[in-house]
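Chain residues, written in single-letter form:
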Amino acid sequence: MKILKLIYSIYVMIVFVLLLLPGAPIIIIGSFLKEKTSSKIAHYLLKFYSFAWSILCGIIPINYNRKKVDFSKTTIYIANHQSYFDPVNMYMAIPSFFKGLGKIEVTKAPLFGILYKMAVIAVDRSSARASALSFRNMLNKIKEGTSILLFPEGTFMDKPQQELVRFKDGAFTLAIK
């Protein structure tokens, strides 16, 4: 069983890289454009990548209760974070434009880091001051009419667990403001 898991993990990573590479020129050019334009480019690339990657990895997206959400309104989406596929699922589930909050460390990844930086509001979790700046950036985006996606746990555990990780206060403070 472990060998199959390893083979599948390698396959998933290869598919990820092969999907990302053809978009490299768009990603690189997009990174030089205005923030609003580059964010939209990144968002729609990530929607395409999420759908294609899921299908090629054997995950068929199904959205339930979509009619109960008014996607035309500025919204704070709060989702549970249990795996690397969670952001991928959000790009498939939410049809409207949004910006997620994501850890700044990912911006250092080659090529994907550029796309990620265009798509998210990066948070440096190493200092309270840097975290506060990300919070203000989210407030500004909401005032501009941009929806926000948050994973209030801030991370996920390496091993599956039944209990949720303790939520950070930011998502709820943002919703109140």
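Let me begin by describing the structure that accompanies this report.

Thresholds applied
- Residues numbered from 1 in each chain as written.
- Predicted model: local features only at pLDDT ≥ 70, side-chain atom pairs only at ≥ 80, totals over all residues.
- Heavy atoms only, no water.
- Buried < 20%, exposed > 50% of the residue type's maximum accessible area, 1.4 Å probe, protein only.
- Helix = DSSP H or I, 4+ residues; strand = E, 2+ residues; numbered from the N terminus.
- Contact = heavy atoms within 4.5 Å.
- Pairing = 2+ DSSP bridges.
- Axes fitted to C-alpha atoms, helices over the stretch in contact; angles between N-to-C directions.
- Expected span 1.5 Å × (residues − 1).
- Arc of directions from axis to C-beta.
- Phe/Tyr/Trp six-rings, centres within 6.5 Å; stacked < 30°, edge-to-face > 60°.
- Left-handed = near helix turned anticlockwise from the far one by under 90°.
- Nonpolar A, V, L, I, M, F, W, Y, C, P; charged D, E, K, R; others polar.

### Quick word on helix α5 (residues 112-119)
- Among the residues of α5, those classed as buried are G113, L115, Y116, M118 and A119.
- Where the residues of α5 are buried, they touch α1 (2-20), α2 (24-30), α3 (35-56), α4 (85-93), β2 (98-103) and β3 (120-123).

### Observations regarding the sheet that holds β3
- On the basis of which strands lie adjacent, the open sheet formed by four strands has the order β1-β4-β2-β3 and parallel pairing. Every other strand in the sheet has two partners, leaving β1 (76-78) and β3 as the edge strands with one partner each. If you compare each strand with its neighbour and ignore which way they point, the axes differ by 25° on average.
- Of the strand pairs in this sheet, β1 and strand β4 (residues 147-150) are connected by three bridges, and their pairing is parallel. Paired with I76 across the two strands is I148, which belongs to β4.

### Observations regarding α1
- In a regular helix each residue adds 1.5 Å, so 19 residues correspond to 27 Å; α1 covers 27 Å between its end C-alpha atoms and thus fits that length.
- All buried positions along α1 are accounted for by V12, V15, L19 and L20. Buried residues in α1, looked at end-on, bunch into an arc of 125°, giving them a common side. In α1, the exposed positions angled more than 90 degrees off the buried face are occupied by K2, I3, I7, M13 and L18.
- In this structure, the buried side of α1 is in contact with α2, α3 and α5.

### A look at the packing of aromatic side chains
- According to the stated counting rule, one finds eight aromatic pairs in the structure shown.
- With a centroid separation of 4.7 Å and 25° between ring planes, the pair formed by W53 and F85 is classed as stacked. With a gap of 32 residues between them, W53 in helix α3 and F85 in helix α4 connect regions that are remote in the sequence.
- Here Y77 and F98 contribute two aromatic rings whose centre-to-centre distance is 6.5 Å and whose plane-to-plane angle is 70°, an arrangement assigned as edge-to-face. Remark: F98 occurs in strand β2 and Y77 occurs in strand β1; sequence separation between them is 21 residues.
- For Y77, a relative accessible area of 10% corresponds to the buried category.
- Through a chain of ring-to-ring contacts, three or more aromatic side chains come together here, namely F16, W53, F85, F112 and Y116.

### Examining the packing of α1 against α3
- For the pair α1 and α3, interaxial distance at closest approach is 10 Å and the crossing angle is 145°. α1 and α3 meet at a crossing whose hand is right-handed. Residues Y11, V12, V15, F16, L19 and L20 of α1 form the contact with α3, whose participating residues are Y49, A52, W53 and L56.
- Residues of the contact of α1 with α3, tallied by class, amount to ten nonpolar, no polar and no charged.

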